[in-house]
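Understanding the architecture of this molecule
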Amino acid sequence: MAVHGGEPEPPEELKAFGAVLKVFRQRAGLTQEELAPLVGFSRETVQSVEVGRRRPQQHFVRQAEEVLDAFGALEAAARHIAPRRGLARWFHQWAALEQEATTLWTYECRLIPGLLQTEAYTRAVALAVPPPPTEEELEQRLTARAERQQLLRRTPPVAFHFLIEQCLFERHTGGEEVTAELIDHLLACTELWNVEVQIMPTRQPHHAGLDGPMRLVETPDHQWLGYVEGQQTGQLISDAKDLSLMHLRYAKMRSQALGPEESVTLLRRMRGDG
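Criteria and thresholds
Residues numbered from 1 in each chain as written. Predicted model: local features only at pLDDT ≥ 70, side-chain atom pairs only at ≥ 80, totals over all residues. Heavy atoms only, no water. Salt bridge = Lys/Arg side-chain N within 4 Å of Asp/Glu carboxyl O. Helix = DSSP H or I, 4+ residues; strand = E, 2+ residues; numbered from the N terminus. Buried < 20%, exposed > 50% of the residue type's maximum accessible area, 1.4 Å probe, protein only. Pairing = 2+ DSSP bridges. Axes fitted to C-alpha atoms, helices over the stretch in contact; angles between N-to-C directions. Contact = heavy atoms within 4.5 Å. Core = buried A, V, L, I, M, F, W, Y, C linked by side-chain atoms within 4.5 Å. Polar contact = N/O pair within 3.5 Å; in protein donor to acceptor, adjacent residues only side chain to side chain. Parallel < 35°, antiparallel > 145°, perpendicular 65-115°, else oblique. Left-handed = near helix turned anticlockwise from the far one by under 90°. Nonpolar A, V, L, I, M, F, W, Y, C, P; charged D, E, K, R; others polar. pLDDT = per-residue confidence, 0-100.

Here we look at the pattern of salt bridges
Counting across every chain of the model gives 11 salt bridges. The partner of Glu229 in a salt bridge is Arg110, with the nearest N and O atoms 3.5 Å apart. Of this pair, Glu229 sits in strand 7 (residues 224-230) while Arg110 sits in the loop between strand 3 (103-108) and helix 7 (119-128), placing them 119 residues apart in sequence. For Glu229, a relative accessible area of 22% corresponds to the partly exposed category. A salt bridge links Arg123 to Glu139; the nearest nitrogen and oxygen atoms lie 3.6 Å apart.

This is the structure we're talking about:
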């Protein structure tokens, strides 16, 4: 990726999409501020998309196409945008669904969910699992992770719920300083009104999540989909029976984990408060 003025130069396909969007917005006689509520995003998002700094979400493309009566031009331009680098090949479909989400639930027992990771923690995880990435690959992963984390403060907002195993903090991936920073970051995330975090205590004789990590997403048309991931694989789940089972297990885990306030207290205790 080229660098200009100390900042990465946006990919050509993102700049091209932004230019097409700007032409149709101006054709409609709308300012960025006027278009923003019509597509359901902030003015800052519209501005960032137009200059190519931000990848347009599918919902953004669809809304802009309809609002601006763009004759299919925006959807055609969006199809030429290359998949985000830095994401595992099996994760691209789920990453796209994340961008569309109205609700997103995540249970993790292997590592802190990517949406809540710090840069130092992401780097430590990447370097810990063979084979080691090249410097370029590592930077791509860090960039992709930072882009995904914009979801936490997206407009329209996503309702997040995270179930995280206590042992993931006690593992101290990356060392003491990385873990301390991670806990501080997680505590800051719990202050966001749309983010709820529950910690599953290490000592829990009754645990409904022993089959492994899972994610559930609700789309804008209120369809639920699931996702499970293993080593070098990821599987999207749409079968109604399987989704019902995932909901049942997730609901059971929520009742077995520490409550949100208890979870914050535990995180503060692990940080060394009191």
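A few points about the environment of Ala76
Turning to its location among the elements, Ala76 is positioned in helix 5 (residues 73-78). You can call Ala76 partly exposed: its relative accessible area is 28%. Placed 77 residues apart in sequence, Ala76 and Arg153 show a C-alpha to C-alpha distance of 28 Å.

Some words on the sheet that holds strand 4 (residues 159-165)
With respect to topology, 6 strands assemble into an open sheet ordered 5-4-3-6-7-8, the strand pairing being mixed. Two strands lie at the open edges of the sheet, namely strand 5 (195-200) and strand 8 (233-237), each paired on one side alone. If you compare each strand with its neighbour and ignore which way they point, the axes differ by 15° on average. In this sheet, strand 7 lies alongside strand 6 (residues 214-218) in antiparallel orientation, the contact comprising 4 bridges. Following the sheet pairing, Glu218 is matched in strand 7 by Trp224. Sitting on the sheet, helix 11 (residues 240-256) touches strand 3, strand 4, strand 5, strand 6, strand 7 and strand 8, and the angle it makes with strand 6 is about 110°.

Notes on the nonpolar core
Counting 37 residues, the largest nonpolar core has Ile112, Phe160, Phe162, Ile164 and Phe169 as its most contacted members. Counting only elements with at least two residues in this core, the list comes to helix 6 (92-100), helix 7, strand 4, helix 9 (167-170), helix 10 (176-190), strand 5, strand 7 and helix 12 (260-271).

Some remarks on the side chain of Gln117
With respect to the helices and strands, the residue Gln117 is situated in the loop between strand 3 and helix 7. Of the residues examined, Gln117 reaches a relative accessible area of 4% and is grouped as buried. In this structure the side chain of Gln117 is engaged in a polar contact, spanning 2.7 Å, whose partner is the side chain of Thr122. Setting aside chain neighbours within four positions, we find Gln117 in contact with Leu111, Ile112, Thr122, Arg145, Gln149, Leu182 and His185.

A word on the pairing of strand 4
A large share of strand 4 lies buried, amounting to 6 of its 7 residues. Pairing of strand 4 with strand 5, which is carried by 6 bridges, proceeds in the parallel orientation. Each bridged residue has a counterpart across the sheet, and for Glu165 the counterpart in strand 5 is Met200.

Some points on the packing of helix 10 against helix 12
At a minimum axis distance of 10 Å, the contact between helix 10 and helix 12 shows a crossing angle of 155°. Between helix 10 and helix 12, the interaxial angle falls into the category roughly antiparallel. When you trace helix 10 past helix 12, the crossing you get is left-handed. Across the interface between the two elements, Ile183, Asp184, Leu186, Leu187 and Thr190 from helix 10 touch Val264, Leu267, Arg268, Met270 and Arg271 from helix 12. For the contact of helix 10 with helix 12, the per-class residue count stands at 6 nonpolar, 1 polar and 3 charged.

Describing the confidence of the model for the protein chain
On average, residues of the protein chain score 89 in pLDDT, and 93% of them are at 70 or above. With pLDDT under 50 throughout, residues 1-7 is counted as low confidence; its partners more than four residues away or in other chains account for 9 contacts.

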